[in-house]
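Chain and residue survey
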Amino acid sequence: MLLELFPHLSALLIEEVQRRPDQVMLRTRARATTAICRCGQGSARVHGRYVRRLRDVAAGGLNVVIEICIRRFRCANPACPAVTFAEQIVGLTTPHSRHTPLLRGVLTQIGLALAGRAGARLAAAIGIRAGRDTLLRLVRALPEPDVGEVEVLGVDDFAFRRGRHYGTILIDMATHRPLHLFDGREGEDLAAWLRAHPEVKVICRDRSSGYGEGARLGAPQAEQVADRYHLWANLGQAVEKTVNAHRARLAEPPPGPAGTPAGPGAEPPVAQPPRELKVVTRLREQHAAVHELWDQGMSKAAIGRKLGLHQATVRKLVGARSADDVVAKSLQRAHIVDPYVGYLHRRWNEGVRNAAQLCREIQQLGYPGGELAVQRHLRRYRSGRGHAPVAGPRPASVREVTSWIMTHPEHLRDEDADRLHRLRERDPELDRLTGHVRRFAAMMTGRHGDRLENWIADAEQDTLAPLASFARNLRRDFDAVRNGLSLPHSSGAVEGNINRLKMLKRQMFGRAGLDLLRKRVLLAG
């Protein structure tokens, strides 16, 4: 009966089974009468005996301990340096181990899946005693898998600490299996790995210049393919910056003739153009002054000393083609009151002027801020810098308009499609922006990389500064971008492995090093 439950014990003769409250003890001895020395010589001369205890997989939630009477034999080979040796039972014992191979395999899989503390808690729940250090030691002892032949390689970075410390992961795009994990994201490290694998024909990567240079040096024979996901994400950032620069034009025009009052004693329904913020005026003046000195040939450090500006501010102003680019970036973050502006407008037009009351009302709608922010928002109405428009649909946010432009027209809701159409009719620049985006989307989904040169030229000639900057950056990595828009290869498998790696990293944050993370990434299923 016991051998049916524990078939791996068939090489033992079970002499006694002892049941304890928390475990089952099996007293056994080997069935064989001879043993094989490490030199390969067999022997039947028993030198002595000792008791060895091994832990096995749990049975019925109870710990299983196998107590074996181990014999020491004299080696019959006079040339063997070992005078005596202990018998090893094939499939059950290994030198110096306190676990059976079956239990060792179970603990190793638990360690790969859950690491130390969580793995130890799960092992205890199923009747196996194992400490977290034991689990980690078993994982670290595993050999790394063989890389084999790789024709299509995926490369991407991940953050140990965002903005400070990064690592690199390599993926076999044919099997979606991680191949290697190393510290840093320098191109020379990638080049060294590629030199050892000359069979690589295609490298899927993001637009990092370091990976591009490393791929060129380590595998000049391979085609580099820029990831379409990152291309689309970078285009979306350029679109959002452009829309943000036009945020004052996103509001729908009021219904009815301009300047017509809504009723006796009501506030004018048409919003007056607000005064330019002081920070905007200051940025425009600084941009003009910096570019004037830069055109005169002064260095950035000298400009900073002359105008009293930080070097980072000078670099930002010099790199901006127009003052609107700097202003758009400075005003990019939405205000906490923005989602509730429509409600505040409607209540203001209904005659409610008390900021405390309006704050309590929008707090019931989910507003997380305080009364001061509401007071500041209403101050423009009281001072005449901008009256609340007639109650109606709230102005679209920058992110909403960006989403409309970046979404396929057939996938837009009818309401959103109509609002985008009206916006394009009101603003020729946003109309051209939408056209550029849709041409890029058709080029990307249709694999028309041959159209990239014309698209870049059109975007560079347009007056949309963020889009032109995006187009110029494409030229720096033109071949990889064109391949990404032409070839079927995708970095989706790389991004999936990055997400899995992040989950494993968070399990071990602050308590383990790169060696353990590499084993779990490469070996965990």
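One structure accompanies this document, and this report is about it. (Residues numbered from 1 in each chain as written. Predicted model: local features only at pLDDT ≥ 70, side-chain atom pairs only at ≥ 80, totals over all residues. Heavy atoms only, no water.)

Now for the overall build of the chain. In terms of regular secondary structure, the chain is built from 22 helices and 12 strands. When the 525 residues of the chain are sorted by exposure, 42% land in the buried category. Across the chain, contacts joining residues at least 24 apart in sequence account for 59% of those joining residues at least 6 apart. Taken as a whole, the chain presents about 28400 Å² of accessible surface, with 51% of it coming from carbon and sulfur. (Helix = DSSP H or I, 4+ residues; strand = E, 2+ residues; numbered from the N terminus. Buried < 20%, exposed > 50% of the residue type's maximum accessible area, 1.4 Å probe, protein only. Contact = heavy atoms within 4.5 Å. Areas by Shrake-Rupley, 256 points an atom, 1.4 Å probe, with all protein chains shown as cover.)

Across soluble globular proteins, nonpolar side chains show a tendency to be buried alongside one another. In terms of nonpolar packing, the biggest core is built from 35 residues, with L235, V243, L433, W455 and L474 touching the most fellow members. Secondary structure elements with two or more residues in this core: helix 7 (228-245), helix 15 (398-406), helix 16 (414-426), helix 17 (428-445), helix 18 (452-461), helix 19 (465-476) and helix 20 (478-486). Ranked by the residues each element gives to this core, the list is headed by helix 17, at 6 residues. Residues within four places of W455 in sequence aside, it is in contact with L235, H436, R439, F440, M443, L467, F470, A471 and L474. (Core = buried A, V, L, I, M, F, W, Y, C linked by side-chain atoms within 4.5 Å.)

Attention shifts here to unusual backbone geometry. With phi around 65 degrees, A115 is a residue other than glycine that occupies positive phi space. At R447, a residue that is not glycine, the phi angle is positive and equals roughly 60 degrees. Assignment of secondary structure puts R447 in the loop between helix 17 and helix 18. On the accessibility criterion, R447 (32% relative accessible area) is partly exposed.

One face of the sheet, then the other: side chains in a regular strand alternate in exactly this way. Counting buried positions along strand 6 (residues 62-74) yields 10 of 13 residues, so the element is predominantly enclosed. For strand 2 (residues 23-30) and strand 6, the ladder comprises 7 bridges, and the chain directions are parallel. Bridging across to strand 6, L26 finds its partner in I66. Two elements, strand 5 (residues 46-59) and strand 6, share 11 bridges in a ladder whose sense is antiparallel. Counted as the bridge partner of D56 is V64 from strand 6. When strand 6 meets strand 7 (residues 84-86), the two strands line up antiparallel, connected through 3 bridges. Across the sheet, residue R72 finds its bridge partner in strand 7, namely A86. (Pairing = 2+ DSSP bridges.)

Interhelical geometry of helix 2 (residues 101-114) versus helix 22 (residues 514-523) gives an angle of 105 degrees and a closest axis separation of 9 Å. Considered as vectors, helix 2 and helix 22 are oriented roughly perpendicular to each other. Between helix 2 and helix 22, the residues in contact are G111, L112, A113 and L114 and K519, R520 and L523, respectively. Looking at the contact of helix 2 with helix 22, its residues break down into 4 nonpolar, 1 polar and 2 charged. (Axes fitted to C-alpha atoms, helices over the stretch in contact; angles between N-to-C directions. Parallel < 35°, antiparallel > 145°, perpendicular 65-115°, else oblique. Nonpolar A, V, L, I, M, F, W, Y, C, P; charged D, E, K, R; others polar.)

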